[in-house]
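Report on the structure
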Amino acid sequence: MTESVTYPLGATGDTAGTTDADQELLEGALAVALAVVDENMVTFGDRYPGDTTVNGRYELRPAAQVSGHDLPAGSNYEWTTSFWPGQLWLAWELTGRETYRDLGLRHVPRFTERLTEEIDLHTHDLGFLYTLACVTPDRLVGSPEGRTTALAAADHLLKRFLEPAGIVQAWGNLETSPEQRGRTIIDSLMNMPLLHWASEVTGDARYADAARRHVAQLRDRIIRDDDTTFHTFHWDTETGEPRFGSTQQGYRDDSCWARGQAWGIYGFALNHRWTEEPTFLDAAVRCADYFLDHLPADRVAYWDLVFSDGDDQPRDSSAAAIAACGLLELAGELERSPRGEVAEAERIARYRREAWAMVRSLATSYAGGGETGSNALLLHGVYDWRTDKGVDEGNLWGDYFYLEALTRLLRPDWTPYW
Ligand code: GLY
C-alpha cells in the first residue's frame, strides 16, 4: 500500500471526515451542488441535458433521429439520461423537498415511453437507465409504473445474455450488429443490479443467475494479472471461448482507462453485496489498490492511469467521483465480510481516507456552480478522449456520482440505489 500520500487541504489519516472542517466542507459543497440542481430543474425539468457540457454549460440534448424516431431536443436517448432524475432523488433524500420528488416522478413516464417506443434499447446500459429512473422511485416513494417498466427493462437486458459464453453483450443490435457480437465492457458491472433487483421482486432466479455468471466472466478475463483492467473483452459466442481484450475509450488496448478501473471498484463491490461471492470482493480490492497506487497528488485521476503528475493530459473528475463511491461501498462490504476482521482494518481505513481525499479535492478544485458559471456539478471530466467527445467538460454521470459521494459522506447509513 502507498501510505505516503499528501492529502489535499492537509487533512490526514483516520481523522478524515470527523473534523468540523470536513463537515463544513461537505455542507458547503452540498449547498453549491443543490443550487446547480435547482437551476437545472428550471432549465430542463422533465427533459434531458446533453451527455456533457459544451464549453462548461449543459444545453438541451440535441434533436436526433434514433431507432427510426425523429426526436425533438431534450428527448430520452443514449445511456446518461437517468443520471438527471438520479440527482433529483438524491436531492430529495438529502432535503425532503417535495419539488425534487415530484420532478423525479415525472421522469418515470419518460422512461416508460422510451421502452414502449423501443428507443435506443440495444444496450447493456438499461441497468444505469432503469435502476435510477424507475427502480429508485419505486423503492423510495412507491411507483407501480416504475416497477412495471423496470421489470420490462430487465427482460430486455436478459435477452442480451448469451449462451454458451455466459456474458451480457454490451453494445449493438443482437440481430444486425455482428461486429459487436460477444463484446462485453467493464462498465456493465454497474448494470447488473437491475437484474438482481428483478429476481428479488419476481422470485425468478434467471435474472440473478445471468448477472452472477456475467460478473464471474469479467472477474476472470477483464482484470489483467497486474490488476489493471481492459475496457472491453470479446467472447466467441458460438463456442463460448474467451478471445481478447481491447479498448474503446482508453488510451491504448493495454493501458488502464481510469473510469473503467473505477467502474471495476464500484461494480465488483456492488455485485458482492448482491451475491456474497467472495471472489467479487477480491476483484474489487484488486481494482481499488491499483487505482489508488496510480493517482496524482491531488487524488483526482488522469483520464487514463498511464498518465500522472507532469503529463499534459486532462483529468477525469467523474472517475474520481465513481471511485469515491466505490471505495465507500467496498469498505462497507469488507467490514461485514469475513475478510473484514483485524487483518483488513488498515485496508478499510485506507479506502475511507482515500474516498474523503477525493471528495475534498473534487469539492475544492473541481466543483461547478457558483462563480464558475457552469451548470455542471463537477467540471473537468472526460467522456471520450479518442473521439474528442466531452474532453475537459462536465458530464451527467460525474455530476450524479459526485452528489452520491457527498450523500454517502453526509449520511453514512444511506441505502444505495444500485
Ligand atoms: N459507460 C460509458 C462510460 O463510462 O463512458
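Residues numbered from 1 in each chain as written. Predicted model: local features only at pLDDT ≥ 70, side-chain atom pairs only at ≥ 80, totals over all residues. Heavy atoms only, no water.

**Some remarks on the site of the ligand**
Close contacts around the ligand come from W79, D187, Q249, W257, R259, W263 and Y383, and that covers them all. D187 is positioned such that a nitrogen or oxygen atom in its side chain is 2.6 Å from a nitrogen atom of the ligand. Contact with the protein chains removes 95% of the 200 Å² of surface that the ligand exposes when unbound. More than half of the atoms belonging to the ligand lie within 2 Å of the grid points that define the largest pocket. Split by residue class, the shell around the ligand holds four nonpolar, one polar and two charged. (Near = heavy atom within 4 Å. Polar contact = N/O pair within 3.5 Å; in protein donor to acceptor, adjacent residues only side chain to side chain. Areas by Shrake-Rupley, 256 points an atom, 1.4 Å probe, with all protein chains shown as cover. 1 Å grid on protein atoms, 1.4 Å probe; cavity = no way out; pocket = protein on both sides within 12 Å on 5 of 7 lines; lining within 4 Å. Sits in = over half its atoms within 2 Å of the grid points. Nonpolar A, V, L, I, M, F, W, Y, C, P; charged D, E, K, R; others polar.)

**Section: the environment of I322**
Among the structural elements, I322 can be located in helix 10 (residues 317–336). Separated by 77 residues in the primary sequence, I322 and D399 place their C-alpha atoms 9.9 Å from one another. (Helix = DSSP H or I, 4+ residues; strand = E, 2+ residues; numbered from the N terminus.)

**A word on the state of the cysteines**
A full pass over the atoms with the stated rule returns zero disulfides. Not engaged in a disulfide, the cysteine C325 finds its nearest cysteine sulfur in C287; these two sulfurs lie 16 Å apart. The buried category is assigned to C325, whose relative accessible area is 0%. (Disulfide = S-S within 2.5 Å. Buried < 20%, exposed > 50% of the residue type's maximum accessible area, 1.4 Å probe, protein only.)

**Some remarks on helix 12 (residues 396–410)**
Between the first and last C-alpha of helix 12 there are 21 Å, a value that for 15 residues agrees with the 21 Å anticipated at 1.5 Å per step. With respect to burial, helix 12 is a largely interior element, 15 of its 15 residues being buried. (Expected span 1.5 Å × (residues − 1).)

**Side note on the sheet that holds strand 7 (residues 242–246)**
One key point about sheets: their strands pair by backbone hydrogen bonds, in either a parallel or an antiparallel sense. Strands sit in the order 5-6-7 across an open sheet of three strands; the sheet is antiparallel. What marks the edges here is a single partner per strand, and that holds for strand 5 (183–185) and strand 7. Recorded for the sheet is a direction-independent mean angle of 25° between the axes of neighbouring strands. In the packing of helix 7 (residues 206–221) onto the sheet, the strands contacted are strand 5, strand 6 (232–235) and strand 7, and the crossing angle to strand 6 comes to about 110°. (Pairing = 2+ DSSP bridges. Axes fitted to C-alpha atoms, helices over the stretch in contact; angles between N-to-C directions. Contact = heavy atoms within 4.5 Å.)

**As for empty space enclosed by the protein**
Applying the stated criterion to the full structure yields one cavity of 30 Å³ or more. Counted as a void, the largest cavity has a volume near 30 Å³. Considering the residues around the largest cavity, the lining is formed by N40, F44, P49, Y58, W84, Q87, L396 and D399. Classifying every residue of the lining of the largest cavity by side-chain character gives five nonpolar, two polar and one charged. (Points joined across faces, edges and corners; volume = space filled by probe spheres on them.)

**Comments concerning the confidence of the model for the protein**
In this model, the protein carries a mean pLDDT of 95, and residues with pLDDT of at least 70 account for 95%. Considering only residues more than four positions removed or in separate chains, one finds that residues 1–13, a stretch of pLDDT under 50, has 26 contacts. (pLDDT = per-residue confidence, 0-100.)

**What to know about the side chain of S82**
Position of S82 among the secondary structure elements: in the loop between strand 2 (69–71) and helix 2 (83–95). Accessibility expressed as a relative area gives 0% for S82, which makes it buried. S82 has contacts with F111, F128, L129, L132 and A133, leaving out every residue within four places of it along the chain.

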